[in-house]
Each structure stands twice: as C-alpha cells, then as structure tokens.
Amino acid sequence: MSSPLKVTPGFAVPFAEGRLPACERLNRELEALFLARESEEYRNPTPSHIPQAEMFESRFNLFRWPESCVQELRAFMLDSVARTVLETSTIAPAELARLRMHNHTWYHITRYAGSFVAHNHPLASWSAVYCVRPGEAPVDRPGSGLLRFLDTRAGAGSYLDAGNRTLRAPFATGAREVRLEAGQVVVFPSYVIHEVSPFYGRDTRITVAANCWFS
Amino acid sequence: MTDQSSPAATLLPIFATPFAEVTLSVSASLNESLNALLTARATEERRDPDRRRDPLCYVSREDLFEWRDEPVAAVRNELLAGLCPVVLATTLHSEAEFDRLAVQARARFVVIRPDGCLPAQSLTLASWCAIYCVKAPSAQTGRADSGVLRLYESRLTGMFADATTWRMRHPFAGGHHLWHPRPGSMAAFPGHLLHEVALNRSAGDIVLLIVRARFENPGQQEVPPW
C-alpha cells in the first residue's frame, strides 16, 4: 500500500480580499470629491502608460489629501495591507508597528472603452485596489472592467496534456479575474502583473490604487 | 562618471526573443476574397465555444486550415512559406535539416469590431505563433495603440529599479512590444508569449488569422495531439 502523499502549493502568491462594511456613505463622498477634481491640476503629470481620454489618473499623493473621506479610506486600505503582511510573513504585530509604511496612492475614473495595460509596480512590496464604484456591468459584456492578474508561472501553460490540463485550484494555470464590487479591497504582491480590461459601462468605474513599501 | 581609460566592454542582449514581421505575397484581391469569406462565416456555429462570448470580438474554432476554400488554401501556403524562413533563421538547423522537419499548423480567425479587443492569451502545444492581418483600418490619429498586437514583456523584470534601469535603451529596455497589423503582413513570435489585441478604436473591423505552428523531427512521437 502506498504511503500518504502530501501535495502543497510550492510557489504560492498571496491574495487578500476584504470588504468595508456600510461603505455607501464613504463611497458617495469619495465619488463626489474625485469627480470634482477630475482636472489637469490633479491629473498625474508623468503617466507610465499611453494616456487614454477614457481614463483619468490622479497624482500619486491621494492619501495626503486632508478630506475626512480620504483619510477614512486611507485607514481602511493601509490597515488591509498591514493585516496582509501579518498574515503572510513572520513579522510580529509589535515589529510591524515599529516599521514605517510608505505609500503612493491614486484614483482612476474610467469611462466607456477605458482600460489599463498590463503592468506591475517596481520599488513596492504590496499593492492594493479599492473599489469606490464598479460601474455598470452590461450583461452582454461579461469581460467588462475586470481586474485581471496574470499568472506568475510564465510558460507553465505552454505544454498541456491529459495529465495537467484539468489541474484544480490552486494549481491550475491561467489568469485570475476579479470583478470588483463597491467597498471591496484586494491586496497582492506588487510584482504580480495585472491589467484592467476595457470597461463597457455607460457610467463611471472608480477605483483607488496604492503601492506600499516599508522601512 | 565616465572615464576614457575604462576597459573595453562587450555588451550583448543575452536573452533575446525572436519577433519577425513578414510581408506575404498575398494579392489585395486574394485578401479581399478571404475577408469576404471569413466575414460571411463568422457565425455562431463556427464560434469557438470555449471562449467567453464577446459581441465585439468574434473568435472562430481552430479549424480554418481544414477548410477547402481556395482563398484559405492559398493564404495558408503563403503563411507557412513566410513563417519557415523566420523559424530557420532562429535555429541551428541547416536548411537541409530544416526541410526534413514536418510542420504542423492550426489556425482560427478573429474579427475585432470597433470597441472590441482580444484579451491576453498565449498558445499551448505550439512553438510558434503567427498572426496574419487580413483587414485593418488605417492608423488612427492620436490613438497609438488602437488595435495593435501587444506582446507582453516576457523577461523576468526585477522589482528593483533605479535611475539607470528605468531608462535603458533598446534592446535592453523593458516594456511591451507593439505591432501594428497591416493587411498582407504577418507577425511571428514564440507561442508562449502572452499577447493581446488592444481595443480597436477605429470605425472598421480588424480581421486576423491566428496560427499555432510546430515542427517535428521525422518519426518523433513525443508531441501530444493538439
């Protein structure tokens, strides 16, 4: 008789997902503020991508804004990142409390046919995305506005046969797609390549993104 | 910081990825015939059932090279004739050795409508991907990435960056590679590379053939069926 075989994920990528309870008021305030500041004064002056008329990207200093709604979101998002660090590392809470967490944070307002090309975030350890407003989800466009994480195991899916074509989670290869909902936050390592598929809603999709690093 | 007496350095790109653009000997009339045929057959029964249904991006089953229609056969021959020299140029095979290899190829067609796109994909069980442009609108002023084939950066880019690595020159610079499809032209690259067709911001359709190709030694049995 065979001895027990232990199967573990050998190269796991941590993804954390959380919800801000009763987020409606906060999201309303954030949306109003962000739309009011959708202007050249607040636009990122040095985008790393080809700018799109359909997508507004703010400067990366969002969490320095003093408005209470922004500071409330700051506390939630950075706490989500800190909790992810504690869950996934050997750092004790007291050690983490002694570290200084830095961040670049910005918001996106995306309109019809806006998207964001695949990228990751050098010089950061953790990234987070919060959904203020997911926007319309047309029933005939299921791929609209998805936050898509690309598989870090590049090339693993190039050879598929009957032995590996039907691998189950977490071993299956391929992209991981998230349809964000209002109040949802996702936290992931900054090295993971991710993109936003074209948004086909007739309204706006609003998200806040943060890159964090510690010293 | 530079010094004229610095020792000579030999600088090489050590992890190069082959990418080729080939203009095929396909006449405009043949391309138009092929376009008319594909457009007429972009039907529900020929749609790839394993893909997410997208009204702005039609993806056919991968049986195009099994069609007996003359335009398809003619373009297939030209396409493989254009691909083989590219592959040969990247290998250590002599021409005589290469001629003894058996080429296997499967193809599908995609129709990307205005505001449509082809999500990122890579190809399984194939060494090479060839993408042939049957139809594409002329370039759009001000929208540099409209309908481009975007090949994703494949090198394991480190997460550390500084003032030098941020601004490296070709061919060392990181970043995606863009190819603008033009009718009659073909792109060829390794099948494992992630690629997408970015949002078509023009008013016309983009029609492409996507080919999976691989080469076998005589008598080779290790390659699994498609």
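You'll find the structure just up there.
Note that the structure is a prediction, hence the values are computed from the model and not measured. (Residues numbered from 1 in each chain as written. Chains lettered and ligands numbered in written order. Predicted model: local features only at pLDDT ≥ 70, side-chain atom pairs only at ≥ 80, totals over all residues. Heavy atoms only, no water.)

(A) How the structure looks around a nonpolar patch on the surface. On the surface, Leu12, Ile14 and Phe15 of chain B cluster together into a nonpolar patch covering about 390 Å² of accessible area. Within the element layout of this structure, Phe15 of chain B appears in the segment before strand 1 (20-23). (Patch = residues over 30% accessible without salt bridge, like charges linked within 9 Å, V, L, I, M, F, W, Y side chains within 5 Å. Areas by Shrake-Rupley, 256 points an atom, 1.4 Å probe, with all protein chains shown as cover. Salt bridge = Lys/Arg side-chain N within 4 Å of Asp/Glu carboxyl O. Helix = DSSP H or I, 4+ residues; strand = E, 2+ residues; numbered from the N terminus.)

(B) Expanded view of the interface of chain A and chain B. Taken residue by residue, the interface counts 31 residues in chain A and 32 residues in chain B. Interface of chain A and chain B: buried area, both sides summed, is about 2,300 Å²; carbon and sulfur atoms make up 56% of it. Considering only the surface of chain A that becomes buried against chain B, Ile50, Leu123 and Ser158 of chain A emerge as the three largest contributors, covering 19% of it. For the pair chain A and chain B, the interface holds four salt bridges. Salt-bridge contacts for Glu54 of chain A lead to Arg201 of chain B; the nearest nitrogen and oxygen are separated by 3.1 Å. Linking chain A with chain B are eleven residue pairs in polar contact (both at pLDDT 80 or more). (Contact = heavy atoms within 4.5 Å. Buried area = accessible area lost by both parts, 1.4 Å probe. Polar contact = N/O pair within 3.5 Å; in protein donor to acceptor, adjacent residues only side chain to side chain.)

(C) Expanded view of the sheet that holds strand 6 (residues 147-149) of chain A. All names here are of chain A. Read from one edge to the other, the open sheet built from four strands follows the order 4-9-6-7, with strand pairing classed as antiparallel. Each end of this open sheet is capped by a strand with a single partner; those strands are strand 4 (114-119) and strand 7 (176-178). Adjacent strand axes in the sheet meet at a mean angle of 25°, parallel and antiparallel pairs treated alike. (Pairing = 2+ DSSP bridges. Axes fitted to C-alpha atoms, helices over the stretch in contact; angles between N-to-C directions.)

(D) Spotlight on the nonpolar core. All names here are of chain B. If you look at the biggest cluster of nonpolar residues, it comprises 37 residues, and the most contacted ones within it are Leu38, Leu79, Tyr132 and Leu209. When residues of this core are traced back to their parent elements, those giving at least two are strand 1, helix 1 (28-40), helix 2 (70-90), strand 3 (102-112), strand 5 (128-135), strand 8 (185-190) and strand 10 (206-216). Counting residues per element, this core draws most heavily on helix 2, which supplies eight residues. Beyond its immediate chain neighbours, meaning those up to four positions away, Leu79 contacts Leu24, Ala130, Tyr132, Met186, Leu209 and Val211. (Core = buried A, V, L, I, M, F, W, Y, C linked by side-chain atoms within 4.5 Å. Buried < 20%, exposed > 50% of the residue type's maximum accessible area, 1.4 Å probe, protein only.)

(E) Quick look at the pattern of salt bridges. The final tally for this structure, using the stated rule, is 30 salt bridges over all chains. One salt bridge in this structure joins Glu17 of chain A and Arg19 of chain A, with 2.9 Å as the shortest N-O distance. A relative accessible area of 45% means that Glu17 of chain A is categorised as partly exposed. Between Arg47 of chain B and Glu44 of chain B there is a salt bridge, and its shortest N-O distance comes to 3.1 Å. Using a relative accessible area of 12% as the deciding quantity, one classes Arg47 of chain B as buried. One salt-bridge network, in which partners are shared between bridges, spans Arg148, Glu177 and Glu195 of chain A together with Arg52 of chain B.

(F) Focus on the packing of helix 1 (residues 24-36) of chain A against helix 2 (residues 68-88) of chain A. Residue and element names in this part refer to chain A. The geometry of helix 1 relative to helix 2 is characterised by a closest axis approach of 9 Å and an angle of 120° between their N-to-C directions. Between helix 1 and helix 2, the angle is such that the two are oblique. Helix 1 and helix 2 meet at a crossing whose hand is left-handed. Across the interface between the two elements, Arg25, Leu26, Glu29, Leu30 and Leu33 from helix 1 touch Cys69, Val70, Glu72 and Leu73 from helix 2. (Parallel < 35°, antiparallel > 145°, perpendicular 65-115°, else oblique. Left-handed = near helix turned anticlockwise from the far one by under 90°.)

(G) Main features of the environment of Ala139 of chain B. On the secondary structure map, Ala139 of chain B appears in the loop between strand 5 and strand 6 (149-151). Classification of Ala139 of chain B as exposed rests on a relative accessible area of 70%.

(H) Structural detail: the packing of aromatic side chains. All names here are of chain A. As enumerated under the stated definition, the model contains 15 aromatic pairs over all chains in all. Judged by centre distance (4.0 Å) and plane angle (10°), the rings of Phe34 and Tyr107 are stacked. Here the residue Phe34 occupies a position in helix 1, and Tyr107 occupies one in strand 3 (residues 101-110), the gap between them amounting to 73 residues. Note on accessibility: Phe34 and Tyr107 belong to one class, buried. (Phe/Tyr/Trp six-rings, centres within 6.5 Å; stacked < 30°, edge-to-face > 60°.)

(I) Examining the sheet that holds strand 5 of chain B more closely. All names here are of chain B. Across the sheet, six strands lie side by side as 1-8-5-10-3-2; this open sheet has antiparallel pairing. The two strands at the open ends of the sheet, each matched to only one other strand, are strand 1 and strand 2 (57-59). If you compare each strand with its neighbour and ignore which way they point, the axes differ by 25° on average. Sheet topology note: the strand 5/strand 8 ladder contains five bridges and is antiparallel. Each bridged residue has a counterpart across the sheet, and for Trp128 the counterpart in strand 8 is Pro190. Across the face of the sheet, helix 1 comes into contact with strand 3, strand 5 and strand 10 while running at roughly 95° to strand 5. Contacting strand 1, strand 3, strand 5, strand 8 and strand 10, helix 2 runs over the sheet at an angle of about 55° to strand 10.

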